[in-house]
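Results of the structural survey
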Amino acid sequence: MNGILITGGAGFIGSNFVRAFMRRYPKVDVHVLDALTYAGNPANLSPEIHENPRFHFWYGNVCNPGIVGDLMEQVDTVIHFAAESHVARSIYDNAVFFQTDVLGTQVIANQVLRHRKRIKRFIHISTSEVYGTALSEPMTEEHPLDPLTPYAAAKCGADRLVYSYIRTYGIPAVIIRPFNQYGPYQHLEKCVPRFVTSALDSTPITIHGDGSAARDWCYVSDTCEALMATLEAPLDCVVGEVINIGTGVAADVGTIARKVIDLKGDQMQPVTHVEDRPGQVDLHISSTEKAQRLLGWKAATDLDTGLERTMNWYADNEHWWRGQEWMKHVQLTLVNGQKVLH
Ligand SMILES: NC(=O)c1ccc[n+]([C@@H]2O[C@H](COP(=O)([O-])OP(=O)(O)OC[C@H]3O[C@@H](n4cnc5c(N)ncnc54)[C@H](O)[C@@H]3O)[C@@H](O)[C@H]2O)c1
């Protein structure tokens, strides 16, 4: 590998990936491109990383072809995380989701195409949200696509855009569909950190609907391992493929809340229920067969271990998340006109 461009490397999964990647490949130049939206924070990467001569941080937007093109002249590998990533926020204010997630991905794909002689591998980070609710269990990569929210629709557009570039122009892309992620450095707007920090503060844990919506929860460092396996797999094994990254185990949101309360050890912890989110996915559970076959990867962290590690991290890093509390909830207008804080 001769240099990697990591978009969105100041966000949750991106920063975990940068850390894991630089440990594994200390001699490869890393270029992070990040627009530092409310979800991106350069402090998600340690001062040692920022000071490493192999590390280059570029503040900029993936929608800018000039910046993206310049960076592609310095690398042969691209991994594209940058996106607007919060489902509830996409219901509240969806325009930027289509700009960044679809048109930003088009810029990345166009620049991969323009630099096709140099770029050997392009990993596009899609999401399980493209599937909608499971029609069959576990969900394979052939499951029909049925995005239910503007976030899911934008990510689905990006996913199919990359696929079309593979089929039409032959770009060396792999499409990865991670299921629900959790772990250190995840913004407080997301379910697990919201529950964990509410428990740490003994303020109410807010559950959308009755808590029966179930997801496949994958610990972020396991996902980073899967992504590095995607970088290391023989090119002809993975190029053109869509690969799910999940554990093959589902747990509902009510169970996550109970596990967090048990970890805190405070059975008096208040829990409140609000109206369910519009476009809610009832069930996600990933097939693990293709990731195992093509990448030799299987999730190593079970839910109890991952939640305990996550809770410990938030307990030890209060300074990191205190400033985000005002963004824990988004006000949504439901179809019946009712306004709900989600
Ligand atoms: N978090 C999950 O559960 C999950 C699950 C499946 C897939 N994904 C996907 O993984 C990727 C990363 O998710 P995350 O949870 O780390 O997101 P995040 O919101 O924590 O981070 C996104 C990063 O992208 C940057 N960014 C946003 N718009 C940009 C732009 N126009 N130009 C450059 N940078 C920009 C932000 O500043 C931030 O650093 C996304 O593509 C997301 O759709 C996330």
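Here the structure is a predicted model, which means the values were calculated and not measured.

Bringing the site of the ligand into the picture now. In the vicinity of the ligand, 31 residues are found, and the nearest of them are Gly8, Gly11, Ala39, Gly40 and Ala83. Contributing elements (two or more residues each) for the shell around the ligand: helix H1 (12–24), strand E2 (30–34), helix H5 (95–114) and strand E7 (180–182). Looking at the shell around the ligand, the element that brings in the most residues is H1, giving three residues. Within the shell around the ligand, the residues separate by chemical class into 14 nonpolar, 14 polar and three charged.

Here the domain parsing of the protein yields domain 1 (4–183 + 218–245) and domain 2 (191–214 + 249–284 + 302–329). For domain 1 versus domain 2, the distance between C-alpha centres works out to 26 Å. Counting residues at the interface gives 15 residues for domain 1 and eleven residues for domain 2. Mapped onto the side of domain 1 that touches domain 2, the elements with two or more residues apiece are helix H4 (87–92) and E7. Class assignment of the residues belonging to the side of domain 1 that touches domain 2 gives a composition of nine nonpolar, six polar and no charged.

Adjacent strands of a sheet form backbone hydrogen bonds with each other and so pair up, either parallel or antiparallel. Strand order across the open sheet formed by seven strands is E3-E2-E1-E4-E5-E6-E11, with parallel pairing between neighbours. Only two strands of the sheet have a single neighbouring strand rather than two, namely strand E3 (55–59) and strand E11 (242–245). Within this sheet the neighbouring strands show an average axis-to-axis angle of 20 degrees, counted without direction. Lying over the sheet, helix H3 (residues 65–72) contacts strand E1 (4–7), E2 and E3, oriented at roughly 170 degrees with respect to E2. Contacts from helix H8 (residues 220–232) reach strand E4 (77–80), strand E5 (121–125), strand E6 (173–178) and E11 within the one sheet, and its direction differs from that of E6 by about 165 degrees.

How each quantity is defined
Residues numbered from 1 in each chain as written. Predicted model: local features only at pLDDT ≥ 70, side-chain atom pairs only at ≥ 80, totals over all residues. Near = placed C-beta within 6 Å. Helix = DSSP H or I, 4+ residues; strand = E, 2+ residues; numbered from the N terminus. Nonpolar A, V, L, I, M, F, W, Y, C, P; charged D, E, K, R; others polar. Domains from an automatic or database assignment. Contact = placed C-beta atoms within 7 Å. Pairing = 2+ DSSP bridges. Axes fitted to C-alpha atoms, helices over the stretch in contact; angles between N-to-C directions.

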